[in-house]
Amino acid sequence: MSTNQAVPASGQSPANSSLPAGLQTQLQASIPQKRFLDCVHCGLCLSACPTYLETGDENDSPRGRIYLMRAVAEGRTGLTNEIASHLEACLDCRACETACPSGVQYGRLIEPFRVAMEATRTDEQPGLASQASQWLTSTLLTKLFPSAGLTQWALWPARWMQALGVDGLAKSWPARAVTPQILQRMHRLLPKLSPPAGALPDRFAPVGPRRATVALLTGCVAEAMFSQTNRATIRVLQHNGCEVLIPKTQACCGAIHYHNGDRTEAMRLARQNLGAFPWRNIDAVIANVAGCGAMLKDYGHIGEEDPQIDPVLLEELTSFAHKIKDVSEFLVDLGPIEPQHPVHLKAVYHDACHLCHAQKVKQQPRQLLSMIPGLTIAPIEEAEICCGAAGSYNLTQPEMADRLGQRKVRHILEVQGVQAVLTGNAGCALQMAACLSEANSSIPVMHVMDILDQSYGPLPDSR
C-alpha cells in the first residue's frame, strides 16, 4: 500500500510554503476550523472511499484529504500540484459521511476548499484538471449542459447519426484521430436518444382526489437526454393524487458550477430557482435526479459559506432547501398507492451517491420497488460505492471514472440472471450504461420512476 505523505510532518518546512494570494483568508472565512478537527482519523471511512479502494493511497482517502486541506489552510504547506491532484481526484460522493461515527461534514470541507482554490488560482497554480478539461468546464459544462434547450440543440447531430445507423463511425480510427479525447468521452456516454419531447404544460392534474401539490425540477441534461423519465415521474405523481406544477423560469440547480469551484454562478442560479418555484405555497419541490436534489438541499449550507450574504437571502435559501424532496422520499412520506400491473423482471438497484449518502435516502426507493408485482430486486456487492459518474467527474477524471465503472459492472454481471439495473440518478444511468456496453452487455439501466410508471399503467383517458 502506498502511503506517500504529500505534506511535511509537523515542525518541518514545506517544500513550497507559498499560497495563492487570498487563499488562506478565503479558507478561514468559509471553513470553520472545527470542521477539520471533527475528524479523529479513526480510518473507518477508508473502506467506504472509492478512490482509496482503487489506489490504496492514504492521500486518496477522506482522512488523508482532510489532513491535506487542513495543512494548506493553516499555512503549513503550499498548494502544490501533488496536493491539488489528490483533492481533484475526490468524487465528492460523501460515502465517508455515511461511514463516519464522528459526523464529519466532509462535503462542507472539500466543496468550499475547491471554491477557494479556483477563486485564487493563478496561471502558475494547478486548476481542477488538465488544460483540455478546464476548457470543457468553462465552455461545455458551465454553458451548454446547464441549459436543456442548448443541450437538445447540440444533440441533433448525434440523433441523426443514431437514426441513420452510422453512429459507430464516430468510434472509427479516422474519427478518433481528429476528435479531442474529451469529446470522444462525451460521445461514449451518450445513450440511445429518443426524439425530442415537446414542452411540458404548466400544470398536470391529479388522478382522483388531490392529496398534494408539488413542483418538479425538470433539470438540464436530464430533460435533454431522459425526458421520458421526467414524464414518467409526472405520471407516477399524478397516480398518487398529486397536482404537478412545472415552473417555466426554473434554472439549472448549479451543481456543475459549484462542484467545479464557481460558487458565484451557483448562487445566481439558486436565487433564480428561489424566485421560480412557488415553494411557499406547495407541499414540496420534487427532484428525480440525485445530484440535483442534493444540491438544492444544500442551498442554505452553501449560502453560509459566503460571509457577505444577506441574512434575509440566507434564511430564504434555507427555507427553500427544506421544501426539496427526492421523488421516492416524497412518495413514501405521502403514502404510495400500490401499482397493480406486474413487471416480471430480475433487477439490481444501485444507490446513487448523492441520494443515499448526501440525502440519506436509501430505503425509500427499495420500498417503492418492493410494491411492484413480479419485480425481483437481487442484492449486489458494493451497492453504495460510486460508479464513477459523480457529475462531470467521468469527463474530467476519466482514468479513475473508468476504473470505478468497470468495478461496478463486474458486480452487476456477478448477479445471475440480472435483466436490468435500476437507479435514481441520470449521471449514474449514463455511466453504467456506457460501461455495460463496453463490457458487451445489453442490460438496460432504468430510473426507478420508469419502472414504477410501467407498473401503474396509463393514466385514465380523461387525463
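Residues numbered from 1 in each chain as written. Predicted model: local features only at pLDDT ≥ 70, side-chain atom pairs only at ≥ 80, totals over all residues. Heavy atoms only, no water.

(A) The arrangement of the overall build of the chain in detail. Counting its secondary structure elements, the chain contains 26 helices and nine strands. Residues classed as buried in the chain amount to 58% of the 463 residues present. Long-range contacts, defined here as pairs at least 24 residues apart, represent 80% of the contacts in the chain between residues at least 6 apart. For the chain, the computed accessible surface area is about 19,600 Å², with 53% contributed by carbon and sulfur atoms. (Helix = DSSP H or I, 4+ residues; strand = E, 2+ residues; numbered from the N terminus. Buried < 20%, exposed > 50% of the residue type's maximum accessible area, 1.4 Å probe, protein only. Contact = heavy atoms within 4.5 Å. Areas by Shrake-Rupley, 256 points an atom, 1.4 Å probe, with all protein chains shown as cover.)

(B) A look at the pairing of strand 3 (residues 242-245). Here strand 3 shows two buried faces, one formed by C242 and V244 and the other by E243 and L245. Pairing of strand 1 (residues 203-204) with strand 3 involves two bridges; the strand directions are antiparallel. Bridge pairing links R203 to L245 in strand 3. For strand 2 (residues 212-216) and strand 3, the ladder comprises four bridges, and the chain directions are parallel. Considered in strand 3, the bridge of V214 is made with V244. (Pairing = 2+ DSSP bridges.)

(C) Structural context of unusual backbone geometry. For D92, which is not a glycine, the phi torsion comes out positive at approximately 55 degrees. Positionally, D92 belongs in the loop between helix 5 (81-88) and helix 6 (95-99). The residue N440 is not glycine, and still its phi comes out positive at about 60 degrees.

(D) Broad picture of the packing of helix 24 (residues 398-413) against helix 25 (residues 426-438). Closest axis-to-axis distance for the helix 24/helix 25 pair is 9 Å, and the angle between their directions is 75 degrees. Taken together, the axis directions place helix 24 and helix 25 in an arrangement best described as roughly perpendicular. Contacts between helix 24 and helix 25 pair A401, G405, Q406, K408, V409, I412 and L413 from the former with Q431, M432, C435 and L436 from the latter. Class assignment for the residues of the contact of helix 24 with helix 25 results in seven nonpolar, three polar and one charged. (Axes fitted to C-alpha atoms, helices over the stretch in contact; angles between N-to-C directions. Parallel < 35°, antiparallel > 145°, perpendicular 65-115°, else oblique. Nonpolar A, V, L, I, M, F, W, Y, C, P; charged D, E, K, R; others polar.)

(E) Here's a closer look at helix 1 (residues 23-30). If you check which residues of helix 1 are buried, you get L23, L27 and S30. The arc enclosing the buried residues of helix 1, seen along the axis, measures out at 80 degrees, which places them on a common side. Exposed positions of helix 1 whose direction lies more than 90 degrees from the buried face are T25 and Q28. In this structure, the buried side of helix 1 is in contact with helix 2 (33-37), helix 4 (62-73), helix 7 (107-120) and helix 16 (263-276). (Arc of directions from axis to C-beta.)

(F) Examining the pattern of salt bridges more closely. Enumeration over the complete set of coordinates arrives at 26 salt bridges. For the salt bridge of E74 with R70, the shortest nitrogen-to-oxygen distance reads 2.8 Å. Looking at E74, the relative accessible area reads 30%, which means it is partly exposed. Several salt bridges share partner residues, and in doing so they unite R94, E97, R108, E111, R263, D298 and E305 into one network. (Salt bridge = Lys/Arg side-chain N within 4 Å of Asp/Glu carboxyl O.)

(G) Representation of the side chain of R35 within the structure. Note that R35 resides in helix 2. Notably, R35 is buried but unbridged: the nearest opposite-charge side chain belongs to E304, and the N-O separation is 4.7 Å. Residues in contact with R35, not counting those within four places in the same chain, are S30, Q105, R108 and L109. (Lys, Arg positive; Asp, Glu negative; His and termini not counted.)

(H) Highlighting the side chain of H411. By the element assignment, H411 lies in helix 24. Not counting residues within four places of it along the chain, the set of residues in contact with H411 comprises I380, E381 and E382.

(I) Looking closely at the sheet that holds strand 2. Here five strands make up an open sheet; going across it, the order is 1-3-2-4-5 and the pairing mixed. The open sheet is flanked by strand 1 and strand 5 (324-326), the only strands paired with a single partner. Each of strand 2, strand 3, strand 4 (284-287) and strand 5 is contacted by helix 20 (residues 327-334), which is oriented at about 95 degrees to strand 5, the strand it contacts most.

(J) Main features of the nonpolar core. Membership of the largest hydrophobic core comes to 88 residues, with the highest contact counts inside it found for L237, V244, Y299, F320, I412 and I451. By residue number, the principal contributor to this core is helix 25, which donates seven residues. If we ignore the near neighbours within four places in the chain, the residues touching I412 are V348, I380, V418, V421, M432, L436 and I443. Core analysis: the second largest hydrophobic core is formed by 28 residues, I31, F36, C39 and F113 among them. (Core = buried A, V, L, I, M, F, W, Y, C linked by side-chain atoms within 4.5 Å.)

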